[in-house]
Amino acid sequence: MSYTTFFYDHQIRRFLTQFIRIMSNFQVQLGNDEQGGNVFQRVPVFYGDASRQASQILRSNSENTIKAVPAMAVHINALTYDRERVQEPNFVSKMNLRTRYYDESTGQYTDQQGGAYTVERLMPVPYKLTLKVDVWTSNTEQKLMLLEQIMIMFNPAMEIQSTDNYIDWTSLSYVLLNDIGWSNRSVPVGTEESIDIATLTFELPIWVSAPAKVKQLGVITKIVNSIYDGSGNLVNFASDTADQLASQTLTFDNFTVVYQGNTLKLLKRNDINSTQTSVSIETELKQRHSWQALITLYGVLRNGLTQVRLLQNNGSELVGTVAFHPTDATLLLYTLDMDTLPSNTLSPITAIINPQNINVDDNLISPATGTRYLLLHGIGVSGDVDTLGDTVASVAWNPDGQAPLVANANDIVEYNGIYWTVVFDSNSRPNTEYVTNMTTGVQYKWQNASWSMSVEGRYDSANWSLKL
Amino acid sequence: MPRLSLWKDSHSNDYKFHDRRISEMFTIGGTGVLIHKYLGTTNQGSTDLTQPQYTNQSEQNIQDVLFLENRDRKYDTTVYSMRGIYQVSDSDFDLTQFGLFLATGTLFMTFHINDMVEMIGRKIMSGDVIELMHLKEYDALNDVPMALKRFFIVGDCSRASEGFSATWWPHLWRCKINPLVDSQEYKDILNKLETASTGEDLSLRDVISTYNKYTDINDAVVSQAEVNVPQSGYDTSMIYTQAKNSGERITPSLVTTADNVSAMSADASASTTSADTQLLTPDAKVSGYLTGDGIAPNGLPVQSGITFPIEASSGDYCLRLDYSPNRLFRYDGKRWVKMEDAVRTTLTPGVQNKTLRSGFVNNQATYADHNGTHEQRQGLSQALKPRADN
């Protein structure tokens, strides 16, 4: 057996407290004191449908306590469904707003942006709440004093609010004074000794609302202008850049990010002189941009928690956490989650070497079996001849009796225990490959006939996103 | 021998015999009663002819001859001790909107007429207050260090039917008495101070009236209402407003003001971010019904005063206190532009309530003319009313 989740938002109770507030603080003028000064007495207002036990407690459990007059008692006379105010019951209103950042340590809101939320509100239900106020007075003059103060408030109605929450569209209503019953006594009074009570009847058109849905607002980092390609077919977004001409993606006002080392730089596309995507580009920036200023527009960066995601060519995302640079507002410190790096497609290499500038030692002549080097230049390349016309042989690489090593730049060579051999021929590898340099721990990518750091580089708009 | 007759035109010895016996019965079997004697009304200095000012204080005076009621009553400071007899009955409580009332609270008590007149100078009348000493409460559920006395108001009085002797002359005065209420009429009695066992001076009202308890209850309800709605309208202070200028694109490029940008490098050590790097302050806030509170967007600093700051920077805010309601301005570099009026106000009736109606009802301002200082708030019937030359 399942139960409906409990829900109670004190909606009518809050209207009652506000109504009692409206009726509070009225005074009557009593006779002058001994010095001839005016004496005023505040008239208490309370809920008129008390329990018997609470009433006995207020009487101090004694017959001897005496009631104070004048007094006003408020009670609910009726609560009815208001058919005339019915609106579309299935209407859902959505409100998007951003809040200021609340600093838990100080207990105050800062001037920075905090969360961003979407609030969904279901159409509330209209009701008509009828309240009665009984005014008990001990003499006619006192009754007139009170009624004169009360009656001017309702012309024709008075606003009432159950809350000052900007989101609560049911909080505002109004109070109508519909009727005044002058007295519960009849004229002539006769032998009765009943107290004199005037009854005011009020009507409040209120709304009773279901709970709202509060959701974290999703920050739109990409906007696709068209979802159709040039042929009129739907673009397959899963395949990434389906039709670059038909669609346009925007990110943070077209800002570009350069991932370099352990930092992220923020720049505009036209700030960069080079169009290279290699990590070797020298990003001479025409203008520098503050991360702080950008992030302020969207929220609060939480050091070590906020993520920056960098979209890779294969559709995967590189994920890392960021923190503000302690001294340079234009840099973010980027801590990469190594698990999000692309998988290696090649066995790790021992080091990257320039074969034209190495010492001939044990690392070359008798290395450990399986030693692998990535070459920046060729070795004994076919066709290379010396001044005598003899083929240049890389005699140092392979011992006598073995064929000389011939390798091109960007090749990977491996020592198999006896001699060196090419295990990655750069001339015959058109596909993208990944390999990690064990000396530095840096992963490299083979693409477009060149090696580059696998993830560092420039990420244009739409290829990076910030998750606050 | 004259014919036997107990009736005499005047109070005969038979009457006196009966009267003494009846008095003795009251002395022996009656309960002790303290009488708070009504003396008359107190002059209130009214110029209303329907509320005459009497030169002598008398029980015969009527304070308000329009409504025919005596509201401000004066009671003798002397308390008279008498004996009375009534039928004790069971009490039931009637739960009403004003709390519990004694359903059988009305009693009929008889007094010996001659003793009564001899003691207080007149018969007990409507408006006198009676204290029944034998109903004093010693074990009330409260923290007051004083017993609760039991008071009644005298309503109607007349001769008791059982008080006629064989001489046909009446001897007893029957009073209909009801429980006292804490009202304007009896404040002369209730405001009298008594010293409790703790040495504390308490008024009778503090001890036996429920007034303080009900005002405390009222205060608690109003306090919660003020928590729910501290001020009219809506609180938007926690809503973030983006820093931008209306009509301008949002771009952090605005943040840099360095001139020689071409010389900048990507070197993290380069100090290229200007010291004046900051966003322009918002020039708008969340709008809506009664959202103006005079607080700058995002809680940014505001200068308050009756003039604008002499040296202002673009984006500065100023709250002008000489405007009613106070008005928030923002300096856009050339002029002070109005942002909003602080229209939110407390809704609790009182002087802090700044609504239009409250501005009339709770107006405490004054004005001065050659005749002195006068309150601005005057009854419409009395405002600038011609006065007699003499």
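Quick caveat: nothing in here was measured; it's all calculated off a predicted structure. (Residues numbered from 1 in each chain as written. Chains lettered and ligands numbered in written order. Predicted model: local features only at pLDDT ≥ 70, side-chain atom pairs only at ≥ 80, totals over all residues. Heavy atoms only, no water.)

**A word on the overall build of chain B**
- Counting its regular elements, chain B contains six helices and 16 strands.
- For 390 residues, the compact-globule estimate of 2.2 N^0.38 gives 21 Å, and chain B exceeds it by more than 25% at 37 Å.
- Taken along the three principal axes of its C-alpha coordinates, chain B extends 150 × 60 × 35 Å.
- Here chain B holds 390 residues, and 41% of them are scored as buried.
- Taking the intrachain contacts of chain B between residues at least 6 apart in sequence as the baseline, contacts between residues at least 24 apart amount to 54%. (Helix = DSSP H or I, 4+ residues; strand = E, 2+ residues; numbered from the N terminus. Rg over C-alpha atoms; globule rule 2.2 N^0.38 Å. Buried < 20%, exposed > 50% of the residue type's maximum accessible area, 1.4 Å probe, protein only. Contact = heavy atoms within 4.5 Å.)

**Things to note about the environment of Ser105(A)**
Residue and element names in this part refer to chain A.
- When you line up the elements, serine 105 lands in the loop between strand S5 (92-103) and strand S6 (108-122).
- Since its relative accessible area comes to 67%, serine 105 is described here as exposed.
- Sequence-wise, serine 105 and phenylalanine 91 are 14 residues apart; in three dimensions their C-alpha atoms are separated by 40 Å.
- Within the structure, serine 105 has its side chain in polar contact with the side chain of aspartate 103 (distance 2.5 Å). (Polar contact = N/O pair within 3.5 Å; in protein donor to acceptor, adjacent residues only side chain to side chain.)

**Quick notes on the pattern of salt bridges**
- Enumeration over the complete set of coordinates arrives at 25 salt bridges over all chains.
- Between Arg185(A) and Asp196(A) there is a salt bridge; the shortest N-O distance is 3.5 Å. Taken together, the residues Arg185(A) in the loop between strand S9 (172-181) and strand S10 (196-208) and Asp196(A) in strand S10 connect sequence positions eleven residues apart.
- By relative accessible area, Asp196(A) is classed as buried at 11%.
- Between Lys74(B) and Asp188(B) there is a salt bridge; the shortest N-O distance is 3.8 Å. Placement of the pair is Lys74(B) in strand S2 (residues 73-86) and Asp188(B) in helix H3 (residues 187-190), with a sequence separation of 114 residues. (Salt bridge = Lys/Arg side-chain N within 4 Å of Asp/Glu carboxyl O.)

**Here we look at a nonpolar patch on the surface**
- Together, Tyr47(A), Ile76(A) and Leu79(A) line one region of the surface with nonpolar side chains, adding up to about 230 Å² of accessible area.
- Here Ile76(A) lies in strand S4 (residues 71-81). (Patch = residues over 30% accessible without salt bridge, like charges linked within 9 Å, V, L, I, M, F, W, Y side chains within 5 Å. Areas by Shrake-Rupley, 256 points an atom, 1.4 Å probe, with all protein chains shown as cover.)

**Details of the packing of aromatic side chains**
- Per the counting criterion, the structure on display carries 25 aromatic pairs over all chains.
- Plain terms: the ring middles of Tyr166(A) and Tyr234(B) are 6.4 Å apart, the flat faces sit at 80° to each other, and that makes the pair edge-to-face. In this pair, Tyr166(A) sits in the loop between strand S8 (157-161) and S9 while Tyr234(B) sits in the loop between helix H5 (211-228) and strand S11 (303-305), so the two residues belong to two different chains.
- For Tyr166(A), a relative accessible area of 21% gives the class partly exposed.
- The interplanar angle of 80° and the centroid separation of 5.8 Å between the aromatic rings of Trp291(A) and Trp464(A) together place this pair among those described as edge-to-face. Here Trp291(A), found in helix H4 (residues 291-296), pairs with Trp464(A), found in strand S25 (residues 464-467); they are 173 residues apart in sequence, far enough to count as distant. (Phe/Tyr/Trp six-rings, centres within 6.5 Å; stacked < 30°, edge-to-face > 60°.)

**Details of the confidence of the model for chain A**
Residue and element names in this part refer to chain A.
- In the predicted model, chain A carries a mean pLDDT of 83, and the fraction of residues at 70 or more is 84%.
- Taken as a whole, residues 237-250 scores under 50 in pLDDT and shows 25 contacts with residues more than four places along the chain or in a different chain.
- Low pLDDT (under 50) marks residues 275-284, which in the prediction has 16 contacts with non-local residues, meaning those over four places away or in another chain. (pLDDT = per-residue confidence, 0-100.)

**Concerning the interface of chain A and chain B**
- The partner chain B presents 100 residues to the 92 residues of chain A that form the contact.
- Overall, the association of chain A and chain B removes approximately 8500 Å² of surface from exposure, summing both partners, and the carbon and sulfur fraction of that is 56%.
- Sorting the residues of chain A by area buried against chain B places Arg21(A), Ile66(A) and Tyr166(A) first, and these three jointly supply 10% of that buried surface.
- Applying the counting criterion to the chain A and chain B interface returns three salt bridges.
- In terms of residue count, the dominant contributor to the side of chain A that touches chain B is helix H1 (residues 11-23) of chain A (six residues).
- Looking at the side of chain A that touches chain B residue by residue, the class counts come to 33 nonpolar, 37 polar and 22 charged. (Buried area = accessible area lost by both parts, 1.4 Å probe. Nonpolar A, V, L, I, M, F, W, Y, C, P; charged D, E, K, R; others polar.)

**A word on the sheet that holds strand S13 (residues 327-331) of chain B**
Residues and elements named next belong to chain B.
- Strands sit in the order S11-S12-S13-S14 across an open sheet of four strands; the sheet is mixed. In this open sheet, the two edge strands, each paired with only one partner strand, are S11 and strand S14 (336-341). Pairwise comparison of adjacent strand axes, ignoring direction, gives a mean angle of 30° for this sheet.
- One ladder, built from four bridges, connects strand S12 (residues 317-320) with S13; its direction is antiparallel. Considered in S13, the bridge of cysteine 318 is made with phenylalanine 329. (Pairing = 2+ DSSP bridges. Axes fitted to C-alpha atoms, helices over the stretch in contact; angles between N-to-C directions.)

**A few points about the confidence of the model for chain B**
All names here are of chain B.
- Of the residues in chain B, 91% reach a pLDDT of 70 or more, and the chain-wide mean stands at 87.
- Below pLDDT 50 for its whole length, residues 246-278 participates in 51 contacts with residues either more than four positions away or in separate chains.
- With pTM at 0.75, the complex prediction returns an ipTM value of 0.87.

**Details of unusual backbone geometry**
- The linkage connecting Val69(A) with the following residue, Pro70(A), adopts the cis geometry, with an omega of 10°.
- Its place among the elements puts Pro70(A) in the loop between helix H2 (52-58) and S4.
- Following Ser324(B), the chain continues into Pro325(B) via a peptide bond in cis, with omega recorded as 0°.
- Relative to the elements of secondary structure, Pro325(B) occurs in the loop between S12 and S13.
- At His10(A), a residue that is not glycine, the phi angle is positive and equals roughly 55°.
- Structurally, His10(A) is set in the segment before H1.
- On the basis of relative accessibility, which here comes to 35%, the residue His10(A) falls in the partly exposed class.
- Look at Asn410(A): it is not a glycine, yet its phi comes out positive at around 80°.
- As for its placement among the helices and strands, Asn410(A) is situated in the loop between strand S18 (372-375) and strand S19 (412-415).

**As for the environment of Ser203(B)**
Residue and element names in this part refer to chain B.
- Along the polypeptide, serine 203 turns up in strand S10 (residues 201-203).
- With a relative accessible area of 8%, serine 203 lands in the buried category.
- Along the backbone, serine 203 and leucine 193 are ten residues apart, and their C-alpha atoms lie at a distance of 4.1 Å.
- Ignoring sequence-local partners within four residues, the contact set of serine 203 consists of Leu190, Asn191, Lys192 and Leu193.

**Structural notes on the sheet that holds strand S11 (residues 213-216) of chain A**
Residues and elements named next belong to chain A.
- A sheet is described by the order of its strands in space; here three strands give the open sequence S5-S6-S11, paired in antiparallel fashion. Of all the strands in the sheet, the pair left with one neighbour each is S5 and S11. Geometrically, the sheet is characterised by an average inter-axis angle of 35° between neighbouring strands, direction not taken into account.
- Sheet topology places S6 next to S11; four bridges connect them, and they run antiparallel. Considered in S11, the bridge of valine 119 is made with valine 214.

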